[in-house]
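Here is what each chain is made of, one letter per residue.
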Amino acid sequence: MYTQSFSVADSEAKPGLKSVAPPPGAEEAALQTHFDAVIDADGKIEPRDWMPEAYRKTLVRQISQHAHSEIVGMLPEGNWISRAPSLKRKAILIAKVQDEGGHGLYLYSAAETLGTSRDQMLDALHAGRAKYSSIFNYPTLNWADVGVIGWLVDGAAIMNQIPLCRCSYGPYARAMIRVCKEESFHQRQGYEALLVMMQGTAEQKAMVQDAVNRYWWKCLAMFGPPDADSPNSVQGMRWGIKRISNDDLRQKFIDATVPQAEVLGVTLPDPDLKWNEARGHYDYGAIDWDEFWATVNGHGPMNKERLATRVKAHEQGAWVREAALAHAAKQQQRQQKEAA
Amino acid sequence: MNNATPALKEWPLWEVFVRSKQGLEHKHCGSLHASDARHALQMARDVYTRRQEGVSIWVVPSTAITASEPDSKDSFFDPAADKVYRHPTFYEIPDKVGHM
């Protein structure tokens, strides 16, 4: 699962980001020239290479937001593990949610290579300073929502994440390759769960349609604001962090999804959605960006609850983290005593 | 500055190397936090081998790794650059000798 494709500003600059004092003018210019040449040649930047401070900050923000999204993304689906309709669906959902946790861990590790600590990132999330994907600030009201999250939310995520496998920052690109390999299962299991429901009762079919209606527009917004309103995209493209624009990714997603909806037997809630022969793409209606920004800025239906659940889980896990350290220290002491 | 940080220390960082199958080398695949080596192995199994990606795992404390300096990339590896005679293509062998 993935954050919105753009990286919105966190509420406050990240504290304690280890930054090396910039070298004097001429030397820095030479380093910058070398960095630019690597980027222009579509090369990779690795953790200990020199990089402009703005590149480092952008990556820390984007990768940590991405990691937070994976972790918070476990919550809406996790709610359904105990209510899954069969043991098979329960096992699948547990595996998927575990994957999301794993994706969060790959990404936190990638961000840590940039000189920020895990605790700093978690503090920023728990204090409400860091953003995560707004899609998780909507509720999962029924079982069909779980299927729709797999099909549409993970489907949008895949569109977003595939270009990131070619990101100029090595550790991020490698983490994304790993994530993408696992993501296809997420989308297929969701779509298949919906196919089964669509063979069920009229009520079950209506549940699927209702979930699609509620999630469709939110998924389109996941790709971020239109290119014209996305000034950071240009810099991201220049740095090889972003490869495809928000609008192009959104169009690819719509073009891929419409035929899938037809096979499934649901409609997409957009009266303006129709094939444009001249463009070779589907046209679509206007996205409600005010609603999107309100949610990004903390006023979505579930923002408070998601964050509170996350903080509670972290606080209630503190004794486990402490006990593990105490156990490790005791084992070490015992070994030293035996060796003496 | 970062006064929200609790007194609790972070678990140490470990680098994870996975052998994907018998006969291949262990390859670096990422890192994770764990309280000790045994814990790191269990975490590595859960984080990096959920789909049978490995038959063997190494975990190494990240602090135990010494790395070459990226800044000295040129000078450090330079001695190898001008020794073209270390490559087989440096030598011209008559065609009639065939594959060598």
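Note that this is a predicted model, so its numbers are computed, not measured.

**Focus on the interface of chain A and chain B**
Of the residues lining the interface, 28 residues belong to chain A; the matching set on chain B comes to 28 residues. Taken over both partners, the interface formed by chain A and chain B buries close to 2,400 Å², and the fraction arising from carbon and sulfur atoms is 51%. Run the count over chain A and chain B and you get 5 salt bridges. Across the pair E182(A) and R50(B) runs a salt bridge, and its minimum N-O distance is 2.9 Å. Run the count over chain A and chain B and you get 14 residue pairs in polar contact (both at pLDDT 80 or more).

**Examining the nonpolar core**
In this structure, Y55(A), I63(A), W151(A), Y169(A), Y172(A) and F253(A) are the most contacted members of the largest nonpolar core, which totals 92 residues. Residues contacting I63(A), with those up to four places away along its chain left out, are L107(A), A110(A), A111(A), L114(A), Y169(A) and Y172(A).

**Considerations on the sheet that holds strand β2 (residues 26-33) of chain B**
Residues and elements named next belong to chain B. If you trace the 3 strands from one edge of the open sheet to the other, you get β2-β1-β3, paired in antiparallel fashion. The open sheet is flanked by β2 and β3 (56-61), the only strands paired with a single partner. With direction set aside, neighbouring strand axes in the sheet form an average angle of 25°. Pairing of strand β1 (residues 13-19) with β2 involves 7 bridges; the strand directions are antiparallel. When the bridges of β2 are listed, R19 appears paired with H26.

**Comments concerning the confidence of the model for chain B**
Residue and element names in this part refer to chain B. Residues with a pLDDT of 70 or more make up 89% of chain B, whose mean pLDDT is 88. The element-level mean pLDDT for chain B is lowest in helix α2 (residues 73-81), coming to 77, with β3 highest at 98. Note on residues 1-6: pLDDT is under 50 here. Beyond four places in sequence and across chains, it has 8 contacts. Of the two predicted TM-score estimates for the complex, the pTM is 0.89 and the ipTM is 0.85.

**A few points about the pairing of β1(B)**
Residues and elements named next belong to chain B. Taking burial as the measure, the 7 residues of β1 include 5 buried ones, the bulk of the element. Pairing between β1 and β3: 6 bridges, direction antiparallel. Bridge pairing in β3 links V16 to V59.

**Some thoughts on a nonpolar patch on the surface**
Together, V84(B), Y85(B), F90(B), Y91(B), I93(B), V97(B) and M100(B) line one region of the surface with nonpolar side chains, adding up to about 740 Å² of accessible area. Within the fold, M100(B) resides in the segment after α2.

**Things to note about the packing of aromatic side chains**
All names here are of chain A. A full pass over the atoms with the stated rule returns 15 aromatic pairs over all chains. Aromatic pair F223 and F253: ring centres 5.4 Å apart, planes at 45°, arrangement tilted. With F223 in the loop between α8 (202-221) and α9 (231-238) and F253 in helix α10 (residues 246-264), the pair connects residues that are 30 residues apart, well separated along the chain. You can call F223 buried: its relative accessible area is 0%. Residue classification places F253 among the buried positions, given a relative accessible area of 2%. Here a set of aromatic residues connected by ring pairs shows up, and it is made of F35, W50, Y55 and W239. Sitting above the plane of the Y106 ring, R178 keeps its charged end 5.7 Å from the centroid. Sitting over the face of the ring of Y138, K218 holds its NZ or CZ atom 4.8 Å from the ring centroid.

**Comments concerning the packing of helix α4 (residues 87-112) of chain A against helix α7 (residues 170-198) of chain A**
Residue and element names in this part refer to chain A. Put simply, α4 and α7 touch, their axes get as near as 10 Å, and they point 160° apart. Considered as vectors, α4 and α7 are oriented roughly antiparallel to each other. Considering how the two elements wind past one another, α4 and α7 form a crossing that is left-handed. Here the contact of α4 with α7 is built from residues that sort into 13 nonpolar, 3 polar and 9 charged.

Rules behind the numbers
- Residues numbered from 1 in each chain as written.
- Chains lettered and ligands numbered in written order.
- Predicted model: local features only at pLDDT ≥ 70, side-chain atom pairs only at ≥ 80, totals over all residues.
- Heavy atoms only, no water.
- Contact = heavy atoms within 4.5 Å.
- Buried area = accessible area lost by both parts, 1.4 Å probe.
- Salt bridge = Lys/Arg side-chain N within 4 Å of Asp/Glu carboxyl O.
- Polar contact = N/O pair within 3.5 Å; in protein donor to acceptor, adjacent residues only side chain to side chain.
- Core = buried A, V, L, I, M, F, W, Y, C linked by side-chain atoms within 4.5 Å.
- Buried < 20%, exposed > 50% of the residue type's maximum accessible area, 1.4 Å probe, protein only.
- Pairing = 2+ DSSP bridges.
- Helix = DSSP H or I, 4+ residues; strand = E, 2+ residues; numbered from the N terminus.
- Axes fitted to C-alpha atoms, helices over the stretch in contact; angles between N-to-C directions.
- pLDDT = per-residue confidence, 0-100.
- Patch = residues over 30% accessible without salt bridge, like charges linked within 9 Å, V, L, I, M, F, W, Y side chains within 5 Å.
- Areas by Shrake-Rupley, 256 points an atom, 1.4 Å probe, with all protein chains shown as cover.
- Phe/Tyr/Trp six-rings, centres within 6.5 Å; stacked < 30°, edge-to-face > 60°.
- Lys NZ or Arg CZ within 6 Å of the ring centre and 35° of its normal.
- Parallel < 35°, antiparallel > 145°, perpendicular 65-115°, else oblique.
- Left-handed = near helix turned anticlockwise from the far one by under 90°.
- Nonpolar A, V, L, I, M, F, W, Y, C, P; charged D, E, K, R; others polar.

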